[in-house]
Amino acid sequence: MEWKRVSVIGAGQMGSGIAQVAAQAGYQVVLLDTTEEQVQAGVKRIADLLARNVEKGKLSAEEREGILDRIATTTQLEEAAQEADLVIEAVVEKLEVKAEIFRRLDQCCPNHTILASNTSSLPITEIAAATKRPEQVIGMHFMNPVPVMKLVEVIRGLATSEDVFRLVVAAAERMGKTPVEVNDYPGFVSNRILMPMINEAIYAVYEGVATPEAIDQVMKLGMNHPMGPLTLADFIGLDTCLYIMETLHEGFGDSKYRPCPLLRKYVKAGWLGRKSGRGFYQYS
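Structural notes, computed from the coordinates. (Residues numbered from 1 in each chain as written. Predicted model: local features only at pLDDT ≥ 70, side-chain atom pairs only at ≥ 80, totals over all residues. Heavy atoms only, no water.)

### Overview of the packing of aromatic side chains
Point 1. Scanning all chains against the criterion turns up 4 aromatic pairs.
Point 2. Seen from their ring centres, Y266 and F280 are 4.9 Å apart, and the 40 degrees between their planes marks the pair as tilted. Of this pair, Y266 sits in helix 12 (residues 261–268) while F280 sits in the segment after helix 12, and the two are 14 residues apart along the sequence.
Point 3. Its relative accessible area of 15% is what places Y266 among the buried residues.
Point 4. The ring of Y27 carries the charged tip of R174 above its face, separated from the ring centre by 3.8 Å.
Point 5. Directly above the ring of W271 sits R278, whose terminal nitrogen or CZ lies 3.7 Å from the centroid. (Phe/Tyr/Trp six-rings, centres within 6.5 Å; stacked < 30°, edge-to-face > 60°. Helix = DSSP H or I, 4+ residues; strand = E, 2+ residues; numbered from the N terminus. Buried < 20%, exposed > 50% of the residue type's maximum accessible area, 1.4 Å probe, protein only. Lys NZ or Arg CZ within 6 Å of the ring centre and 35° of its normal.)

Right, here's the structure in full:
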């Protein structure tokens, strides 16, 4: 069966990026969020990125318009679900929120629809348990920014079928991504390795080992990282970093995943990184 329609639940930075690459791959896309303002903000983000690609000569004006024409919007979950071949959820990283969305999707999607979560750390098996089709639930963890980053972690839940896995791998490849198979453990591979590194960099600030600027320089110049861990933490969002560290700590019960107290303090202060204007650095 050839898929034609992909629905994306959540029009934030990740959801709009997923909608963009799906539309670029030729899928008819439905982009959903809870308000019309949020949906239109997501569409504007896509339109602006595509316009920059036209300016750089990576895309023609006609191709840009074709991509945008393939993206429809809605604020009604039932409308997004009704003809979808694949639904990709990209909402807040909270298990109870995702589980409720999957429960509702299960009720209103066609029987053949595959349900994927863009979760960066939560258990696919537990999300799938909210549905009556756990064999059709899978993880598709895209990297940020989605239009640029090639990796997609494809995570099987306990019941995910082999056919579903193969179909999702093919869809990721059609979107221009490199899918990598990962098993269902807290943080998968990417965040199980990345977040403790970021957390340790925060401990180095907390303990007065060095300034954020110095720590980032060491990792960029000494380890050849394109971005220092504290700059990256601000880019991801310190609240998201904290939530993933808490998920790792709870999932493994190992003290090496304990979130740094300074990370907790910054989040409580509302210093969340780029999106709030202040984190380890200040942003205008």
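### Comments concerning helix 1 (residues 13–24)
Point 1. For helix 1, with 12 residues, the first-to-last C-alpha span of 17 Å sits near the 16 Å given by 1.5 Å per residue.
Point 2. With respect to burial, helix 1 is a largely interior element, 9 of its 12 residues being buried.
Point 3. Among all positions of helix 1, only G15, S16, G17, I18, A19, Q20, V21, A22 and A23 are buried.
Point 4. With its phi angle positive at about 100 degrees, G26 sits one or two positions after the end of helix 1. (Expected span 1.5 Å × (residues − 1).)

### As for the sheet that holds strand 1 (residues 5–9)
Point 1. As summarised here, the arrangement of the 8 strands in space is 3-2-1-4-5-6-7-8, forming an open sheet in which the pairing is mixed. This sheet does not close on itself; its edge strands, each paired only once, are strand 3 (71–74) and strand 8 (178–182). For this sheet, the mean inter-axis angle between neighbouring strands, taken without regard to orientation, is 25 degrees.
Point 2. Against the sheet, helix 2 (residues 36–55) contacts strand 2 (28–32) and strand 3, and its axis sits at roughly 160 degrees relative to strand 3. (Pairing = 2+ DSSP bridges. Axes fitted to C-alpha atoms, helices over the stretch in contact; angles between N-to-C directions. Contact = heavy atoms within 4.5 Å.)

### Digging into the state of the cysteines
Point 1. Per the counting criterion, the structure on display carries 0 disulfides.
Point 2. The thiol of C109 is not disulfide-bonded; the next cysteine sulfur, from C108, is found 5.3 Å away.
Point 3. Classification of C109 by relative accessible area gives buried; the value is 7%.
Point 4. Free cysteine C241: the closest other cysteine sulfur is in C260, separated by 12 Å.
Point 5. Assessed through its relative accessible area of 1%, C241 is described here as buried. (Disulfide = S-S within 2.5 Å.)

### Things to note about the packing of helix 1 against helix 2
Point 1. Running from N to C, helix 1 and helix 2 cross one another at 55 degrees; their axes reach a closest spacing of 9 Å. Taken together, the axes of helix 1 and helix 2 lie oblique to each other. The crossing of helix 1 and helix 2 is right-handed. In contact with Q13, S16, A19, Q20 and Q24 of helix 1, helix 2 contributes G42, R45, I46, L49 and L50.
Point 2. Grouping the constituent residues of the contact of helix 1 with helix 2 by class yields 4 nonpolar, 5 polar and 1 charged. (Parallel < 35°, antiparallel > 145°, perpendicular 65-115°, else oblique. Left-handed = near helix turned anticlockwise from the far one by under 90°. Nonpolar A, V, L, I, M, F, W, Y, C, P; charged D, E, K, R; others polar.)

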